[in-house]
Amino acid sequence: MSRLLWGVAMFFLGIMTSFAQCCSAGNPVGSNGFEEGLTKNQLRFISYFKQSNSDKYYHKDSYFNQPIINSSSFSFWFLSSSYGITKNLSLNSDIGYFFDKSQELTINSSPLKIASSGFGDFGLSLRYNNIDDENNTQWNLFVGSKLPVGAFEEEIDGVLIPLSLQPSSGAFRYNVGGFYGKYFPRTGFGLSTSLIFESSLWIKKEYIIYKYGNYMQYIVNGSYLWRKFLFISSLKMDYRFKDLRDNDLIVESSGGFALIFSPRIQYQVIPNWELLFQFEQPLYRYVNGFQIVNKMSFFAGVMFNLNLCKKNEE
Amino acid sequence: MVMKHIIWGLMILVLSALLNLSCKKDSKYDSNQVQPSSLLSLDSLVPSKRNIHTMEPILILAYTQGENITYKWSTNHGTLIEKDSSSIKYYACHSCIGSNIVECIVENEHGFMKDTLVIHVTYMK
């Protein structure tokens, strides 16, 4: 029973949007939001649709008026599968597809839109899990990579669209992280925390020589389990270092800090199936230089869990 | 047990397909440009300004000879917006400070030619 509760209560989320996500190439960075480990033969699929919008341009921590960019947005579909290889090891893979990744502009009083669509990056990670049922605690460590398999040369009528609007990041990225959580079965409450670090390799493609800045994310979560509902509140701290371009030139208008509040609800519809809904609202942000920033985002989706071992025994 | 093998097989299949997708082919525009002639030539790329500030749009014109020409435009930093085939608007946001390359490729049934120019971008005053 305690494991079942763990299986639900430890669905702690990470943020899927960085402070400048509306103007970043590739999949949303950071955790995919599901940090708990899986036990042997446990299988999980997660699929959701995410919408993110922005119409604010920032200089440091204040609004900044600029004449061209009106708004940015993306509509994103995500699919991940995870499998418990052994008692302590689980493997995760994920991929996303941008239905629409676009920017609306006004140039010389003429409105126009630049948009792209296509597959983003492919993620693969291995997680070492340690689940203590007696004390209702869990910790895990993971290493992973994101492969730029998706579209990175999208164009409109023979014109290459900007790097920031390409569905794929175009760069190999590596990430490591850890998670710790404790659940209190008598009250239904849970607490957890996680830390993620991500680094990118250089993009070297024709004239494009670019390296995304390193990225860190720290998350504190509180959860409450009530009947078939799981309520989760998260406070997320994103920090991104500055990007580099050709000749090791520092891109001054890149990177920054964001503090984001993110509530989530999960509802178990039928055994093995859950509905997910999450919302994200930035509380504070500081950007280096001038950047367009994420205003709000949400996702809605489903999660499917299956223990293959139990299925076979039946 | 059978289910387990099926899942492993599917995972390997998906991974192989994705890795195959990531092996991009070389561009057909990497070599073998044609010599300029009246059938096809890209005489020059002319920007309205070469030194600009962030968020300052400019116009770039491609002067060409030949018939049935198609144009491909690209840049390493900044945004290109097509005005018509032989001209294009360019602007750079604040993350595109520096010396940025704009490339134009023209192509028709006789082959292709390409040329580049550099736009220097500084902060908006």
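Conventions used here
- Residues numbered from 1 in each chain as written.
- Chains lettered and ligands numbered in written order.
- Predicted model: local features only at pLDDT ≥ 70, side-chain atom pairs only at ≥ 80, totals over all residues.
- Heavy atoms only, no water.
- Helix = DSSP H or I, 4+ residues; strand = E, 2+ residues; numbered from the N terminus.
- Buried < 20%, exposed > 50% of the residue type's maximum accessible area, 1.4 Å probe, protein only.
- Contact = heavy atoms within 4.5 Å.
- Areas by Shrake-Rupley, 256 points an atom, 1.4 Å probe, with all protein chains shown as cover.
- Phe/Tyr/Trp six-rings, centres within 6.5 Å; stacked < 30°, edge-to-face > 60°.
- Lys NZ or Arg CZ within 6 Å of the ring centre and 35° of its normal.
- Patch = residues over 30% accessible without salt bridge, like charges linked within 9 Å, V, L, I, M, F, W, Y side chains within 5 Å.
- Salt bridge = Lys/Arg side-chain N within 4 Å of Asp/Glu carboxyl O.
- Pairing = 2+ DSSP bridges.
- Axes fitted to C-alpha atoms, helices over the stretch in contact; angles between N-to-C directions.
- Buried area = accessible area lost by both parts, 1.4 Å probe.
- Polar contact = N/O pair within 3.5 Å; in protein donor to acceptor, adjacent residues only side chain to side chain.
- Core = buried A, V, L, I, M, F, W, Y, C linked by side-chain atoms within 4.5 Å.

Quick one: what's the story with the overall build of chain A, residue by residue and with numbers?
Scanning chain A from terminus to terminus reveals two helices and 20 strands. Split into buried and exposed, the 314 residues of chain A put 57% on the buried side. Sequence-distant contacts in chain A: of pairs separated by 6 or more residues, those separated by 24 or more amount to 66%. Accessible surface, chain A: about 13100 Å² in total, of which carbon and sulfur atoms supply 61%.

Give me the lowdown on the overall build of chain B, citing residues and values where you can.
Per the secondary structure count, chain B includes one helix and eight strands. A buried classification covers 39% of the 125 residues belonging to chain B. A sequence separation of at least 24 residues applies to 61% of the contacts in chain B between residues at least 6 apart. Accessible surface, chain B: about 6800 Å² in total, of which carbon and sulfur atoms supply 57%.

So what's going on with the packing of aromatic side chains? Residues and values would help.
Think of a pair of aromatic rings as described by two things: how far the centres are apart, and how the planes are tilted against each other in angle. Residues and elements named next belong to chain A. Across all of its chains, the model carries 24 aromatic pairs over all chains by this definition. Aromatic pair Tyr210 and Tyr212: ring centres 5.7 Å apart, planes at 75 degrees, arrangement edge-to-face. When sorted by exposure, Tyr210 lands in the same class as Tyr212, which is buried. Here a set of aromatic residues connected by ring pairs shows up, and it is made of Tyr48, Phe74, Phe76, Phe78, Phe98 and Phe299. Sitting above the plane of the Phe98 ring, Lys101 keeps its charged end 4.4 Å from the centroid. The residue whose ring lies beneath Arg285 is Tyr58, and the NZ or CZ to ring-centre distance is 5.8 Å.

Which residues make up a nonpolar patch on the surface, and what values go with them?
Residues and elements named next belong to chain A. A grouping of Leu89, Leu126, Tyr128, Trp139, Leu141, Val143, Val176, Tyr180, Phe197, Met216, Tyr239 and Phe241 is seen on the molecular surface, where their side chains present a nonpolar patch of about 1000 Å² in accessible area. Sort the elements by how many residues they give to the nonpolar patch and strand E7 (residues 137-147) lands first, with three residues. For Tyr180, the location among the structural elements is in strand E10 (residues 173-184).

Outline the sheet that holds strand E5 (residues 79-84) of chain B, listing residues and values.
Residues and elements named next belong to chain B. Strand order in this open sheet of four strands is E1-E3-E6-E5, and the pairing throughout is antiparallel. Each having just a single partner strand, strand E1 (40-47) and E5 make up the two edges of the open sheet. Within the sheet, the average angular offset between the axes of one strand and its neighbour, ignoring direction, is 25 degrees.

I'd like to hear about the interface of chain B and chain A, residue by residue, with values.
With 44 residues of chain B at the contact, the number on the chain A side is 45 residues. For the chain B and chain A pair, buried surface summed over both sides reaches about 3600 Å², with 66% attributable to carbon and sulfur atoms. Note that Glu155 of chain A is salt-bridged to Lys72 of chain B, the shortest N-O span being 3.1 Å. Inspection of the chain B/chain A interface yields eleven residue pairs in polar contact (both at pLDDT 80 or more).

So what about the nonpolar core? Which residues, and what values?
Trp73 and Tyr90 of chain B are the most contacted members of the largest nonpolar core, which totals 37 residues. Looking at this core, the element that brings in the most residues is strand E8 (residues 111-122) of chain B, giving four residues. In this structure, Ile46, Phe74, Phe98 and Phe299 of chain A belong to the second largest nonpolar core, which totals nine residues.

How would you explain the environment of Gly222 of chain A if you had to name every residue and give the values?
Residue and element names in this part refer to chain A. Position of Gly222 among the secondary structure elements: in strand E14 (residues 215-226). Once the C-alpha coordinates of Gly222 and Pro263 are considered, the two residues, 41 residues apart in sequence, prove to be 9.6 Å apart. If we ignore the near neighbours within four places in the chain, the residues touching Gly222 are Gly190, Leu191, Phe231, Ile232 and Ser233.

Residue-level account of the pattern of salt bridges, with values.
Residues and elements named next belong to chain A. Scanning the model with the defined rule gives nine salt bridges over all chains in all. Put simply, Asp121 and Arg173 hold a salt bridge, and the shortest N to O gap is 2.7 Å. A residue pair is termed long-range when its members are at least 10 positions apart, and Asp121 in strand E6 (residues 110-132) and Arg173 in strand E10 qualify at 52 residues. Arg173 carries the same exposure label as Asp121, and that label is buried. Among the ionic contacts, a cluster of salt bridges with common partners joins Asp55, Lys56 and Lys295.

Tell me about the pairing of strand E18 (residues 256-270) of chain A, residues and numbers included.
Residues and elements named next belong to chain A. In the sheet, strand E15 (residues 229-240) pairs with E18 via twelve bridges, with the strands oriented antiparallel. Each bridged residue has a counterpart across the sheet, and for Phe229 the counterpart in E18 is Tyr267. If you look at the hairpin formed by E18 and strand E19 (residues 273-293), you'll find two residues sitting between the two strands, and Asn272 has a positive phi there, around 80 degrees.

Explain the sheet that holds strand E13 (residues 208-211) of chain A residue by residue, including any values.
Residues and elements named next belong to chain A. An order of E12-E13-E16-E17 is seen for the four strands of this open sheet, with the pairing classed as antiparallel. Looking at which strands have only one partner, the edges of the open sheet turn out to be strand E12 (203-205) and strand E17 (249-251). Within the sheet, the average angular offset between the axes of one strand and its neighbour, ignoring direction, is 25 degrees. Where strand E16 (residues 243-245) and E17 come together, three bridges link them in antiparallel fashion. From the neighbouring strand, Asp243 faces E17, where its bridge partner is Val251.

Outline unusual backbone geometry, listing residues and values.
Residue and element names in this part refer to chain A. Although it is not a glycine, Glu206 adopts a positive phi angle of roughly 50 degrees. One non-glycine residue, Asn272, adopts positive backbone phi at about 80 degrees. Counting through the fold element by element, Asn272 comes out in the loop between E18 and E19. What makes Asn272 partly exposed here is its relative accessible area of 34%.

Read these as layout, nothing more, since geometry by itself doesn't imply function.
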